[in-house]
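Coordinates in review
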Amino acid sequence: YMDVKTGDWYAEAVRATLASGLFYGTSDTTFTPDGKMTRGMLAAVLGRMAGAKTIAYKYSRFLDLDMDAYYAEYVVWADKTGIMSGIGRQLFAPDEPVTREQLCAVMVRYYAWAGKALPQTQPLKTFADEADISAWAASDVDLAQQAGFISGRGENCFAPRAYATRTEVATILAKVQNSIS
């Protein structure tokens, strides 16, 4: 991909997740490293990582889920497993970007679903914007940070409501693959 260069901080993780079939480019020549990770994309990459047999997931309770979309069966899988859920009123919002705190919560649920203990490789860090982390996500952010999957975005800030990028998710999934296998 023209937009992933050797030496980029995310290059190895992107290559690893592409090689394992978790991610695909946004075109034949681009990965879109700083592109926002959507809820549908996240369900798809997690389902691929889990080896989900999507044949069993043909029907959805979500009114906004087009069952012809590439991620549709993975969304149903993620919902049925409890790894991801809807946003209320029978909606999933598959095209909405995932925030960094939401990503942490999903990854903690993925580990629980997989029956694996989260590694603790990093000391707990207090971020300057700790008060901005939603109460429902605070422990998941701590667990994901201690597992070494996610860190701040500079100036000791976590940026909990900032959108997760495709490279951030690829980096996390490369680490998760290594720790689960």
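A brief report on the enclosed structure follows.

How each quantity is defined
- Residues numbered from 1 in each chain as written.
- Predicted model: local features only at pLDDT ≥ 70, side-chain atom pairs only at ≥ 80, totals over all residues.
- Heavy atoms only, no water.
- Salt bridge = Lys/Arg side-chain N within 4 Å of Asp/Glu carboxyl O.
- Helix = DSSP H or I, 4+ residues; strand = E, 2+ residues; numbered from the N terminus.
- 1 Å grid on protein atoms, 1.4 Å probe; cavity = no way out; pocket = protein on both sides within 12 Å on 5 of 7 lines; lining within 4 Å.
- Points joined across faces, edges and corners; volume = space filled by probe spheres on them.
- Nonpolar A, V, L, I, M, F, W, Y, C, P; charged D, E, K, R; others polar.
- Polar contact = N/O pair within 3.5 Å; in protein donor to acceptor, adjacent residues only side chain to side chain.
- Contact = heavy atoms within 4.5 Å.
- Disulfide = S-S within 2.5 Å.
- Core = buried A, V, L, I, M, F, W, Y, C linked by side-chain atoms within 4.5 Å.
- Buried < 20%, exposed > 50% of the residue type's maximum accessible area, 1.4 Å probe, protein only.

This model, assessed by the stated rule, comprises five salt bridges. We note a salt bridge from Asp79 to Arg61, for which the minimum N-O separation is 2.9 Å. One end of the pair, Asp79, is in helix α3 (residues 72-81); the other, Arg61, is in the loop between α2 (39-50) and α3, with 18 residues separating them in the sequence. Note that Arg100 is salt-bridged to Glu168, the shortest N-O span being 2.7 Å. Note that Arg100 is positioned in helix α4 (residues 100-114) and Glu168 in helix α6 (residues 166-180), a separation of 68 residues in sequence. Bridged by salt links that share partners, the residues Arg100, Arg153 and Glu168 form one connected network.

Attention now moves to the layout of surface pockets. Counted as a void, the largest pocket has a volume near 280 Å³. Along its surface, the largest pocket is lined by 16 residues, and Arg39, Ser85, Ile87, Gln102 and Trp136 are the ones closest to its centre. Of all the secondary-structure elements, those providing two or more residues to the lining of the largest pocket are α2 and α4. Residue contributions to the lining of the largest pocket peak at four residues, all from α4. Split by residue class, the lining of the largest pocket holds nine nonpolar, four polar and three charged. Size it by volume and the second largest pocket reaches roughly 190 Å³. Lining the second largest pocket are Trp9, Arg100, Gly148, Phe149, Ile150, Ser151, Gly152, Arg153, Glu168, Thr171, Ile172 and Lys175. Looking at which element gives the most residues to the lining of the second largest pocket, the answer is α6, with four residues.

Turning our attention to the side chain of Ser134. Mapped onto the fold, Ser134 is located in the loop between α4 and α5 (138-146). Of the polar contacts made by the side chain of Ser134, one reaches the side chain of Glu101; its length is 2.8 Å. Filtering out sequence-adjacent residues up to four positions away, Ser134 remains in contact with Glu101 and Arg161.

The tally for this structure, following the rule as stated, stands at zero disulfides. No disulfide involves Cys157; its nearest neighbouring cysteine sulfur is the one of Cys104, lying 15 Å away.

Before going further, it helps to examine the nonpolar core. Membership of the largest hydrophobic core comes to 52 residues, with the highest contact counts inside it found for Phe23, Leu42, Leu46, Leu103, Val169 and Leu173. When contributions to this core are tallied by element, the ones reaching two or more residues are α1 (11-19), α2, α3, α4, α5 and α6. Looking at this core, the element that brings in the most residues is α2, giving seven residues. Among residues more than four places away in sequence, those in contact with Leu46 are Trp77, Ile83, Val106, Met107, Tyr110 and Leu173.

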